[in-house]
Amino acid sequence: MTTPAPTSPPTPVSTLQAEAFAAGTLPPVEQVRDGVWTLAIPFAAGIPDSTLTYVLEAADGSLVVVDPGWGTEPTLAVLRDGLATIGRTLDDVGLVAVTHLHVDHLGAAAAVRNASGARIAMHPAEARAIRHQDEDRRRDDEDIARWGVPEPLRAGLVRAWGTGRRLPDVEADLLVEDGDVLPVAGRELRALWTPGHTTGHLCFVDAPDGLLFTGDHVLPRINSGLGLGGRTDTNPLEDYLASLDRLADLAELEVCPGHEYRFRDVRARAATLADHRRERGEHVAAALDTLDRPTLFEVAAHVPFRGGIASMTGYLLASALAQTAFHARLLGRSDEIRPA
Ligand SMILES: [Zn+2]
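Just so you know, these numbers come straight off a predicted model, no measurement behind them. (Residues numbered from 1 in each chain as written. Predicted model: local features only at pLDDT ≥ 70, side-chain atom pairs only at ≥ 80, totals over all residues. Heavy atoms only, no water.)

Q: Would you explain the sheet that holds strand S10 (residues 211–215) in this entry?
A: Adjacent strands of a sheet pair through backbone hydrogen bonds, lying either parallel or antiparallel. Spatial ordering of the open sheet is given by S8-S9-S10-S11, a layout of four strands whose pairing is mixed. Here the strands that pair on one side only, and so sit at the sheet edges, are strand S8 (190–193) and strand S11 (254–257). The mean inter-strand angle of the sheet, taken between neighbouring strand axes irrespective of direction, is 25°. Of the strand pairs in this sheet, S10 and S11 are connected by four bridges, and their pairing is parallel. (Pairing = 2+ DSSP bridges. Helix = DSSP H or I, 4+ residues; strand = E, 2+ residues; numbered from the N terminus. Axes fitted to C-alpha atoms, helices over the stretch in contact; angles between N-to-C directions.)

Q: Looking at this structure, how should I read the packing of aromatic side chains?
A: Working definition: an aromatic ring pair is given by the centre-to-centre distance plus the angle between the planes. Scanning all chains against the criterion turns up four aromatic pairs. Considering the side-chain rings of phenylalanine 21 and tyrosine 261, the 6.1 Å spacing of their centres and the 70° angle between planes classify their relative orientation as edge-to-face. In this pair, phenylalanine 21 is assigned in helix H1 (residues 15–23) and tyrosine 261 in the loop between S11 and helix H9 (266–290), connecting sequence segments 240 residues apart. Summarising the aromatic geometry, the rings of tyrosine 54 and phenylalanine 213 are spaced 5.1 Å apart at their centres and angled 65° between planes, so their arrangement reads as edge-to-face. With tyrosine 54 in strand S3 (residues 50–57) and phenylalanine 213 in strand S10, the pair connects residues that are 159 residues apart, well separated along the chain. Of the two residues examined, tyrosine 54 and phenylalanine 213, each falls in the buried class. (Phe/Tyr/Trp six-rings, centres within 6.5 Å; stacked < 30°, edge-to-face > 60°. Buried < 20%, exposed > 50% of the residue type's maximum accessible area, 1.4 Å probe, protein only.)

Q: For this particular structure, what's the right way to read the coordination of the zinc ion?
A: Geometrically, a metal with four donors at the corners of a regular tetrahedron has ideal angles of 109.5 degrees, and one with six donors at the corners of a regular octahedron has ideal angles of 90 or 180 degrees. Protein-derived coordination of the zinc ion comes from Asp104 (OD), His105 (NE2), Asp216 (OD) and His259 (NE2), at a distance range of 2.1 to 2.2 Å. Its four donor atoms give the zinc ion angles of 87 to 159° at the centre, a pattern that matches the irregular case. Each donor residue of the zinc ion lies on the same chain, and together they follow the pattern D-H-x110-D-x42-H. With a gap of 43 residues between them, aspartate 216 in the loop between S10 and helix H8 (236–245) and histidine 259 in the loop between S11 and H9 connect regions that are remote in the sequence. Just as aspartate 216 is buried, histidine 259 falls in that class too. (Donors = N, O, S within 2.8 Å, 3.2 Å for Na, K, Ca; no water. Tetrahedral: all angles 85-135°; square planar, octahedral: opposite > 155°, others 65-115°.)

Q: Looking at this structure, how should I read the pairing of strand S9 (residues 202–206)?
A: In the case of a regular strand, side chains alternate between the two sheet surfaces. Extensive coverage of S9 is indicated by the burial of five of its five residues. Here S9 shows two buried faces, one formed by Leu202, Phe204 and Asp206 and the other by Cys203 and Val205. Bridge analysis of S8 against S9 gives four bridges, and the strand direction is antiparallel. Bridge pairing in S9 links leucine 192 to cysteine 203. Two strands pair when backbone bridges link them, and S9 and S10 are joined in this way by three bridges, in the antiparallel orientation. Note on S10: the bridge partner recorded for valine 205 is leucine 212. What sits between the antiparallel neighbours S9 and S10 is a turn of four residues, in which glycine 210 has the positive phi angle 70°.

This is the structure:
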């Protein structure tokens, strides 16, 4: 088994954000370029967790907001205050562009639309996942039943991952496909479809400004989970690795992620993330070599997830189990796992 060379996290472009991240505080509003700002919106449960929201000014004076963050009243107040810092209000927003359907990115979209009449843009796969969520969650329940999870943990999985889970119920105004340029006066914001974290995850490329908005596809320190929105017949792990490859030509751009801090050299970070997955794959292969007709839960118990799956419940445990299944499938060894 090979262990990849230890790699340090990418160097921050924004020391303000990196310092706030290290201290567990909310970074201040920061100007990124002429007419481009970033503000941090806390999670509903509060800091230290926050989403990095980006605000871009169009030639007609309207604003584009990339990922407005969580949509509770206190988090919306932070968004309003952030806009006030740059002399703007929610009324000025003409377009909300979302990288993906998670509540920490899409949550405030409907409230922003209500306040301003802004259009909400997302990939069709995200719109579909929102529409089909009831059906998808029923099938997630069926997965959970097959995973071989000890009985006392199962109800928690159904609550967090199966029929107990709800995506923000937001209808899209504008469906954005791979390669589409967003309708923003005087700006060239191109969508790059990067499935993996969710099936319709988008990055946005602002080549003239040298910026790459990566949502949760690539973050400087966190390894994003996979297959966390919208069921797909493809393997989210395979999709994710292919989506990492799509960033190879964008190494010159400054990375504007959905969390943590801005950084450079997306290619090096993508290589580290791909190495991490290769290593996971080796652990899953080793578990399958060792165990005789294991359940998925038994395989996952042999994978060194942070803290080990014995320490996990709910969403985290479900995500670890789903990842294990994606790895087995990529190895072509799904049929060695015994459905419970
Ligand atoms: Zn996120």
